[in-house]
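A closer look at the structure
For reference, the chains in residue letters:
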Amino acid sequence: MNKSIFKQQNDELLLKCLLAQRGEYSLAKKAAAFKSLVTFLFAIISVLSSWLNIDWLTAVSFLLAVLLLITSKYIDLFINKHKKHAAAVQQYFDVILYSGILGNNISEWGHLLTRSNIADAVSEVDKSAFDEIVNWYSDYSSLSAEQQVFHCQRENVRWDKILRHEYKIFQIIFLIAISIVLLIVFLLINPTLIKFICVISWFVPIADYCFTNYINANGDIKRLSELEKSCEVVERKFIGSNLEKLNVELVSLQHKIQESRENSFLIPDWFYKYRQFTHQKKEDQIANEVQKMSKI
């Protein structure tokens, strides 16, 4: 009987790795949320200070502008640092899992975090949260080792692409809803040119925030679409290719997945959790269909 990724993925160390990378991503997301909050506050206080002509509010607005200018660069560095470390921990999880079932050496998968790095990363993980991340990959146990690895990789790509597509749509809906609310508010407050300018001033940073998220998510989708094309090329090679060549293809594909993780836009945790059950259910259904078709 083939070794099973579905069973081996629930090893204690591997589950700790998943929780550790989730924690790293969450830190990066909180930093990004803080940066957005400061930007919104700056926009709101700037509008109020110009509208109400209050000296102390103008001073606060100026201080916020300086704070944003100084901290923005460091926040971006913090975000990128934790995002890349999270991707490296997730790469360690995948490689240990995949190399174990394929029977190859982990050195064939390229640069990985050291055991000391991983020990440090998982040292403060709360094991009581294991229930949240068990059965990370869907069950492809009836397939060969190479096919199991490939379909887990494809699951990663497909999941990420769908999630970003949904978040892109959410940004459009959110922006439309905000536009309608602001329009109603404007019409109810005895509209004048000055008040119109104020409403627009409030709307601009929100629109910029949504538009930036839309652009970033769309860029990720394009990159993941290219990754899907690479997956299709690899899948076709399962017919008539020797295992050594297939392993090289799987390693190459894994490097592309890690690179995508390092450069991808961070989707908020609340949105991920909101869509998690639906996505996992779909992935389990896909896994069932793939295994059925493999018997034909």
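This text follows the structure it describes.
This report concerns the structure included in the present document.

Right, let's talk about the environment of Ala32 for a bit. As for its position among the elements, Ala32 is in helix 2 (residues 12-52). By relative accessible area, Ala32 is classed as partly exposed at 26%. Separated by 46 residues in the primary sequence, Ala32 and Phe78 place their C-alpha atoms 9.3 Å from one another.

Throughout the structure, instances matching the rule amount to 17 salt bridges. Here Arg158 and Glu283 are joined by a salt bridge, their closest N and O atoms 2.7 Å apart. Of the two residues, Arg158 is situated in helix 5 (residues 145-188) and Glu283 in helix 8 (residues 269-294); the sequence distance between them amounts to 125 residues. With respect to class, Arg158 is no different from Glu283; both count as buried. A cluster of three or more residues bridged by salt bridges with shared partners is formed by Asp160, Arg164, Asp220 and Arg223.

Bringing the environment of Tyr214 into the picture now. Of note, Tyr214 is situated in helix 6 (residues 193-236). Tyr214 gets classed as partly exposed once you look at its relative accessible area, which sits at 27%. Those residues in contact with Tyr214, other than ones at most four positions away along the chain, are Lys168, Gln171 and Ile172.

Attention now moves to the packing of aromatic side chains. As enumerated under the stated definition, the model contains 12 aromatic pairs in all. A centroid spacing of 5.1 Å and a plane angle of 75° characterise the contact between Tyr167 and Phe271, whose relative ring orientation is edge-to-face. With Tyr167 in helix 5 and Phe271 in helix 8, this residue pair connects regions lying 104 residues apart in the sequence. Taken as a pair, Tyr167 and Phe271 share a single burial class, namely buried. Chaining the aromatic ring pairs together yields one cluster made of Tyr167, Phe170, Phe174, Phe265, Trp270 and Phe271.

Most often, soluble globular proteins keep nonpolar side chains buried together rather than apart. Grouped together as the largest cluster of nonpolar side chains are 49 residues, with contacts concentrated most on Ile5, Phe93, Tyr98 and Tyr137. Among the elements that take part in this core, helix 3 (residues 55-102) stands out by supplying 9 residues, more than any other. In contact with Ile5, not counting residues within four places along its chain, are Leu97, Tyr98, Ile101, Tyr137, Gln148, Val149 and Cys152. Tyr25, Ala31, Ile75 and Leu266 belong to the second-largest nonpolar core, a separate cluster that totals 8 residues.

Looking now at helix 7 (residues 243-263). Between its first and last C-alpha, helix 7 extends 31 Å over 21 residues, near the 30 Å set by a 1.5 Å rise per residue. Restricting attention to buried positions, one finds in helix 7 the residues Leu246, Asn247, Leu250, Val251, Leu253, Gln254, Ile257, Gln258, Ser260 and Arg261.

Inspection of the secondary structure assignment puts Glu24 in helix 2. No salt bridge forms around the buried Glu24; measuring N to O, its nearest opposite-charge neighbour Lys81 is 7.9 Å away. Separated by 2.6 Å, the side chains of Glu24 and His82 make a polar contact. The residues contacting Glu24, other than those within four sequence positions of it, are His82, His85 and Ala86.

Its identity is not glycine, yet Asn135 carries a phi of approximately 55°, on the positive side. Looking at the element boundaries, Asn135 is found in the loop between helix 4 (115-122) and helix 5. Under the relative-accessibility criterion, Asn135 is labelled partly exposed at 31%.

Cut-off values and rules
Think of each chain on its own: its residues are numbered from 1, step by step along the sequence as written. Local features in this predicted model are restricted to residues whose pLDDT is 70 or higher, and side-chain atom pairs enter the listing and the counts only when it is 80 or higher, whereas totals over whole chains, interfaces and linings include all residues. Values shown for side chains rest on all heavy atoms present in the structure; no hydrogens or waters enter the calculation. Secondary structure is summarised from DSSP: a helix means a run of H or I of at least four residues, a strand means a run of E of at least two, and numbering begins at the N terminus for each. For the exposure calls, accessible area comes from a 1.4 Å probe over protein chains only, and a residue counts as buried if that area is under 20% of its type's maximum, exposed if over 50%, partly exposed in between. By definition, a salt bridge exists where a carboxyl oxygen of Asp or Glu is found within 4 Å of a side-chain nitrogen of Lys or Arg. It only takes one pair of heavy atoms within 4.5 Å for two residues to be counted as in contact. A pair of Phe, Tyr and Trp rings is counted when the ring centres sit within 6.5 Å of each other, with Trp represented by its six-membered ring. The angle between the planes then sorts it: under 30 degrees is stacked, over 60 is edge-to-face, the rest tilted. In these notes, a set of buried Ala, Val, Leu, Ile, Met, Phe, Trp, Tyr and Cys residues joined through side-chain atoms within 4.5 Å is what counts as a nonpolar core. Expected helix span is computed as 1.5 Å times (number of residues minus one). We score Asp and Glu as negative and Lys and Arg as positive, and we do not count His or the chain ends. As used in this structure description, the phrase polar contact means that two N or O atoms lie within 3.5 Å; if the pair is within protein, one of them must be able to donate a hydrogen and the other to accept it, and residues adjacent in sequence are counted only when both atoms belong to side chains.

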